[in-house]
Amino acid sequence: MSNKTWIVTGTSTGFGKELAALLAQQEDVNLVATARHTDQLDYLDQYDHGQILKHNLDVTNSDEIKDTINNALEKFGTIDVLVNNAGLGYFATFEESDLKEAKYMFDVNVWGLAEMTQAVLPTMRKQRFGAIVNFSSIGGLASFPIWSFYHGTKYAVEGISESIAKETADLGIKMMIVEPSGFRTDWAGRSSKKTMPTHDDYQKFAKDITTNAAGAHHEPGDPKAAAKIIYDEVTDNFADLPLRLPLGKFSVDTAIEKYENTLKEFKKSRDLSISADQPEK
Ligand SMILES: NC(=O)c1ccc[n+]([C@@H]2O[C@H](COP(=O)([O-])OP(=O)(O)OC[C@H]3O[C@@H](n4cnc5c(N)ncnc54)[C@H](OP(=O)(O)O)[C@@H]3O)[C@@H](O)[C@H]2O)c1
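### Section: the site of the ligand
Turning to step 1, where the next piece is worked out: Close contacts around the ligand come from 30 residues, with S12, R36, Y150, T185 and S191 the closest.
Turning to step 2, where the next piece is worked out: Taking V59, its main chain carries an N or O atom lying 2.9 Å from a nitrogen atom of the ligand.
Turning to step 3, where the next piece is worked out: R190 is positioned such that a nitrogen or oxygen atom in its side chain is 2.9 Å from an oxygen atom of the ligand.
Turning to step 4, where the next piece is worked out: Elements with a contribution of two residues or more to the shell around the ligand: α1 (14-24), α3 (99-127) and α4 (148-168).

### Considering α3
Turning to step 1, where the next piece is worked out: Along its 29 residues, α3 runs 40 Å from first to last C-alpha, staying within 8% of the 42 Å computed at 1.5 Å per residue.
Turning to step 2, where the next piece is worked out: The axis of α3 is deflected most strongly, by about 35°, at L121, and proline P122 appears within four residues downstream.
Turning to step 3, where the next piece is worked out: The backbone nitrogen of K100 has a side-chain oxygen 2.9 Å away, supplied by the residue at the start of α3, namely D98.
Turning to step 4, where the next piece is worked out: Just downstream of α3, R128 is the residue with a positive phi angle, here 55°.

### Digging into the packing of aromatic side chains
Turning to step 1, where the next piece is worked out: Scanning the model with the defined rule gives 13 aromatic pairs in all.
Turning to step 2, where the next piece is worked out: Seen from their ring centres, W147 and W187 are 5.9 Å apart, and the 75° between their planes marks the pair as edge-to-face. One end of the pair, W147, is in the loop between β6 (130-135) and α4; the other, W187, is in the loop between β7 (173-180) and β8 (192-194), and 40 residues separate them in sequence.
Turning to step 3, where the next piece is worked out: Note on W147: relative accessible area 14%, which makes it buried.
Turning to step 4, where the next piece is worked out: Taken together, F91, F144, W147, Y150, W187 and F250 form an aromatic cluster joined through their ring pairs.
Turning to step 5, where the next piece is worked out: Here K4 stacks its cationic end above the ring of F129, 4.8 Å away from the centre of that ring.

### Things to note about the sheet that holds strand β3 (residues 52-56)
Turning to step 1, where the next piece is worked out: Here we have seven strands laid out as an open sheet, ordered β3-β2-β1-β4-β6-β7-β9, and parallel in their pairing. Each edge of the open sheet is held by one strand with a lone partner, namely β3 and β9 (244-247). Averaged over all pairs of adjacent strands, the angle between their axes in this sheet comes to 15°, without regard to strand direction.
Turning to step 2, where the next piece is worked out: Bridging between strand β4 (residues 81-84) and β6 involves four bridges; their strand directions are parallel. Bridge assignment links V83 to a residue of β6, and that residue is V133.
Turning to step 3, where the next piece is worked out: Sheet contacts for α1: β1 (4-8), β2 (29-35), β3, β4, β6 and β7; angle to β1, the most-contacted strand, approximately 160°.
Turning to step 4, where the next piece is worked out: Packed onto the sheet, α4 meets β6, β7 and β9 and runs at close to 160° relative to β7.

What counts and what doesn't
Residues numbered from 1 in each chain as written. Predicted model: local features only at pLDDT ≥ 70, side-chain atom pairs only at ≥ 80, totals over all residues. Heavy atoms only, no water. Near = heavy atom within 4 Å. Polar contact = N/O pair within 3.5 Å; in protein donor to acceptor, adjacent residues only side chain to side chain. Helix = DSSP H or I, 4+ residues; strand = E, 2+ residues; numbered from the N terminus. Expected span 1.5 Å × (residues − 1). Bend = angle between axes of the 7 residues up to and from the residue. Phe/Tyr/Trp six-rings, centres within 6.5 Å; stacked < 30°, edge-to-face > 60°. Buried < 20%, exposed > 50% of the residue type's maximum accessible area, 1.4 Å probe, protein only. Lys NZ or Arg CZ within 6 Å of the ring centre and 35° of its normal. Pairing = 2+ DSSP bridges. Axes fitted to C-alpha atoms, helices over the stretch in contact; angles between N-to-C directions. Contact = heavy atoms within 4.5 Å.

By themselves, these are just geometric observations and shouldn't be taken as functional.
Structure (structure tokens):
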């Protein structure tokens, strides 16, 4: 069987690094490991037997996206799995959020992911084979204070991904949306900007912001375990790949609670909802 080619964004640290390190050790995997600064990818050198392409890629840069895909195809001939992992956070109350920060986060978390996906889909359609793994978050399913715009990005990832899954299901292309809770990466630290509240009314959230930031590298989630689960799902469970994969106890428990409560609310308001339609003839 020929090698499968994986492209992973944001492989300098965190989930992306753990996944790239795992993929680099597989004999039947070609790896396109991308990062804004490829000098952060030296950890891959020990595994490279000619099956690894390190590529500089800022996912907000359209030219770099095109170059990455073209060079990956030139070196390996196929693109089988795209992992849209690169992402940022932003902790602030909604009212006091700096919209420049929020918009940049959308550029990375949503538009970068969308442009990468558009760039690989022609190849996957032609192959009639492919898997797209999109990083969302439990924050793409349930909402909390100080994360409004981060939620906005991840709910967008959920909606876009679910729709892609329906458009490409009969083309041999699978979608898996990964929804971690807190994992021990750089996300809550250097990858998340913060704006502290200034209004008295929002001082009660100052602690949430400092606690979230200070919690970086103390989270319960193990990114190495997450990388193994993602790899195993895509390789061993391709036919039955789950559309949604919550990772971590807090994630799955929160998702279950949110969906159960939402289901109750929808059932309660069903008759009222239907009464908004034109009367049936
Ligand atoms: N850790 C968690 O608790 C958690 C929970 C739920 C979801 N997630 C999601 O998991 C994904 C990975 O984050 P992580 O937890 O592994 O955090 P991380 O260690 O901070 O890694 C983030 C990665 O994204 C890259 N990145 C940021 N902006 C980029 C851009 N414009 N172009 C290309 N790459 C860019 C970073 O590269 P640089 O080194 O160049 O900055 C880094 O490689 C994100 O989508 C995040 O939202 C994380």
